[in-house]
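# Structural description and commentary
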Amino acid sequence: MLQVGLWYSQPITTPAWAHITPPKEKPVMVCRGVRGATTVTSNSRQEILRETRRLLALMIRLNGIEPEDIASAIFTTTRDINAEFPALAARQLGWWDAALLCGHEMDVPGSLPRCIRILVHWNTDKKPADIQHVYVGEAVKLRPDKAQLPPLDEDELDDWIEQQVSAWERISGRSR
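Below is a summary of the structure that appears in this document. Model, not experiment: these values are computed from the prediction.

Rules behind the numbers
Residues numbered from 1 in each chain as written. Predicted model: local features only at pLDDT ≥ 70, side-chain atom pairs only at ≥ 80, totals over all residues. Heavy atoms only, no water. Pairing = 2+ DSSP bridges. Helix = DSSP H or I, 4+ residues; strand = E, 2+ residues; numbered from the N terminus. Right-handed = clockwise from strand over helix to strand, strands pointing away. Core = buried A, V, L, I, M, F, W, Y, C linked by side-chain atoms within 4.5 Å. Buried < 20%, exposed > 50% of the residue type's maximum accessible area, 1.4 Å probe, protein only. Contact = heavy atoms within 4.5 Å. Polar contact = N/O pair within 3.5 Å; in protein donor to acceptor, adjacent residues only side chain to side chain.

A word on the pairing of strand E3 (residues 99-104). Pairing geometry for strand E2 (residues 70-77) and E3, over six bridges, is parallel. Its bridge partner being in E3, Phe75 is matched across the sheet by Cys102. Following the chain from E2 across helix H4 (residues 87-92) to the adjacent parallel E3, one finds a crossover that is right-handed.

Printed below as a string of structure tokens:
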């Protein structure tokens, strides 16, 4: 015979105030892709790092990206660029803990030469339409619709990059 008292408990009731006050909505954080591309004029370590740092700095500034919100980033280059890993530029800008990967783009005939592309996987509550993708240099040909950037103080951007690289040199013990 089933003894009701051993297996049955009273249902949990919702407090009265829960029916009156609607729950506060929290922004939903999702992983979004932020794209960017730039070009270099030569296959030199210095130019690869300089242009990649500048591209990343623009992506960071225009979107408000914080290093702790980066899930990962993929850096690709055309096959004519191999003097340095462009991901080093991200480390130089303070992305110590993000997963970074470099590779080559498909070698499609007629494609844009000496091009560096970046795909950042960013944990954010921004909607896709609010994300600013960045295409600079000759890479504006890839996405002319994304080529128009808002005004930005170039000197301030350069100073910020210099501060980040100097901090990286102190912390890592490496030089540019």
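Moving on: the sheet that holds strand E5 (residues 134-135). Read from one edge to the other, the open sheet built from five strands follows the order E3-E2-E4-E1-E5, with strand pairing classed as mixed. Single-partner strands in this sheet number two, and they are E3 and E5. Taken together, the 10 bridges between strand E1 (residues 30-39) and strand E4 (residues 115-124) define a ladder with antiparallel strand orientation. Opposite Thr39, over in E4, you have Cys115 as the bridge partner.

Take the nonpolar core next. Judged by nonpolar contacts, the single largest core of 32 residues is most densely connected at Leu56, Met59, Phe75, Trp95, Leu100 and Val120. Breaking this core down by element, the ones donating at least two residues are helix H3 (45-63), E2, H4, E4 and helix H5 (154-172). If one sorts the elements of this core by residue count, H3 sits on top with eight residues. Apart from the residues lying within four places of it in its own chain, the contact partners of Leu100 are Ala73, Phe75, Ala87, Ala90, Arg91 and Trp95.

With that out of the way, let us pick up the side chain of Thr124. Mapped onto the secondary structure, Thr124 falls in strand E4. A polar side-chain atom of Thr124 sits 3.0 Å from the main-chain amide nitrogen of Lys126.

Tracing the sequence through the fold places Arg79 in the loop between E2 and H4. Considered as a pair, Arg79 and Gly103 are 24 residues apart in the sequence and their alpha carbons are 9.2 Å apart. Apart from residues no more than four positions distant in its own chain, Arg79 is found in contact with His104, Glu105 and Asp107.

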